[in-house]
Every structure is written in structure tokens, then in C-alpha cells.
Amino acid sequence: MQKIYIVTTGGTIEKVYSEQTGNVQNLDSKIDRYFRMLRLPDAEIAVTHLMNKDSLEMTDADRASVLSAVRARLRAGAAPVVITHGTDTMVETGLLLQKNLPELQVPIVLTGAMTPLGFEGSDGLQNLTESLLAARVLPAGVYVVMHNQVFPVDRVRKDRELARFVWK
């Protein structure tokens, strides 16, 4: 059985519609529900709900918390790590991880969504599923996995006009 650590930080993938405000917001984590929908017979998924923020609201202290959480998972056992994250600053967090974890033995995969999980046309479940597979087959390093593509974190950027990630 392959263990995969999941660290959730919020972002669009976790947003829900608020009837009170008429906006989508990061309120409560809903990602566990989506893991239960997937067939993962030989995967042990260990989820850590770290925070539930839009990535534009993340601070340096929040990114340090992500780094600390990843380090703790890596000390607990050599298993890949998938981080769900808002797409606006996903690369920034990934570069921080790459810089501070030079001796990685496993892949770290960041993923998110342009449209929240559960919304029509959401890319969240696809990206989540692809990230789980990528975490199992990629060599050690830090990656962004979005829309059926795998990017080394230092060679990717978000193209807001196209609403996707592209090679840098």
C-alpha cells in the first residue's frame, strides 16, 4: 500500500458558495468528501487540513507553516506529498519548498482548481486525481500538476488570460 500525504491550504479548489454573501469563500474543507468518491484501493491517504485560505491572502508566515507541515510529513516517513493550494500563489509556495528542501527523496506536488470542487465545469477533481497519480510516479522534486500537465515548479507560471498554467 502506497502512503500519500495530503496537505490542504484552501484556494479555489475548496471554495463554497455562500448564500448570505452571494460569493464563493473558503469556509470549511470539503476535500475529504472527494477522496471518498475516488477508487484508491492501494493508496493510504493521510490528510492534514493546515488552513483554508485564498492564496492571495496567504502570508509569509502561512508559507512557513506549509514548509513546516511538509517537513513534518517527510520526517514521518518517505512518502509523496500533495498540497492543495490556491492557483494565484501556488508557484511562490512551491519555490519556497524547493529552496528549503534541497535533499528531497520524494515528489511534492502542488495542485488546485480554477473552478471550485462541486461546481459545474470544475477542474478540481481532475487535478486532484492526476496529482495523486503524479505523486506516485514522479522522481523527487517539487511540481505543479494542473489540467493533465506536470510542470517543475521553477519552470511554470499561471497565465491568467488563458486560465491555465504554461511553461515559463
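All figures in this text were calculated on a predicted structure; none of them were measured in a lab.

(A) Broad picture of the nonpolar core. Among the nonpolar cores identified, the biggest contains 25 residues, and Val70, Ile83, Leu97, Ile108, Val144 and Phe165 are the most heavily contacted of them. For this core, the secondary structure elements donating two or more residues are β1 (2–10), α2 (60–76), β5 (81–84), α3 (90–100), β6 (107–111) and β7 (141–146). The contacts of Val144, once residues within four sequence positions are left out, are Met90, Val91, Leu110, Gln149, Val150, Phe151, Val153, Val156 and Phe165. By size, the runner-up hydrophobic cluster in this structure holds 18 residues, among which are Ile31, Tyr34, Ala113 and Leu132.

(B) Seen up close, the sheet that holds β1. Strand order in this open sheet of six strands is β4-β1-β5-β6-β7-β8, and the pairing throughout is mixed. Each of the sheet's edge strands pairs with one partner strand only, and the pair in question is β4 (43–53) and β8 (149–152). Sheet twist, expressed as the mean angle between neighbouring strand axes with direction ignored, is 25°. With eight bridges connecting them, β1 and β4 associate as parallel partners. Pairing of Ile6 across the sheet is with Val47, part of β4. Most of the contacts of helix α4 (residues 124–137) go to β6, to which it runs at about 170°, and overall it touches β1, β4, β5, β6, β7 and β8.

(C) Representation of unusual backbone geometry in the model. Phi is positive for His147, which is not a glycine, with a value near 50°. As for its position among the elements, His147 is in the loop between β7 and β8. If you check the backbone angles, Ala163 has positive phi at about 55° while not being a glycine. Within the element layout of this structure, Ala163 appears in the loop between β9 (156–159) and β10 (164–167). The class for Ala163 is partly exposed, based on a relative accessible area of 40%.

Basis of the calculations
Residues numbered from 1 in each chain as written. Predicted model: local features only at pLDDT ≥ 70, side-chain atom pairs only at ≥ 80, totals over all residues. Heavy atoms only, no water. Core = buried A, V, L, I, M, F, W, Y, C linked by side-chain atoms within 4.5 Å. Buried < 20%, exposed > 50% of the residue type's maximum accessible area, 1.4 Å probe, protein only. Helix = DSSP H or I, 4+ residues; strand = E, 2+ residues; numbered from the N terminus. Contact = heavy atoms within 4.5 Å. Pairing = 2+ DSSP bridges. Axes fitted to C-alpha atoms, helices over the stretch in contact; angles between N-to-C directions.

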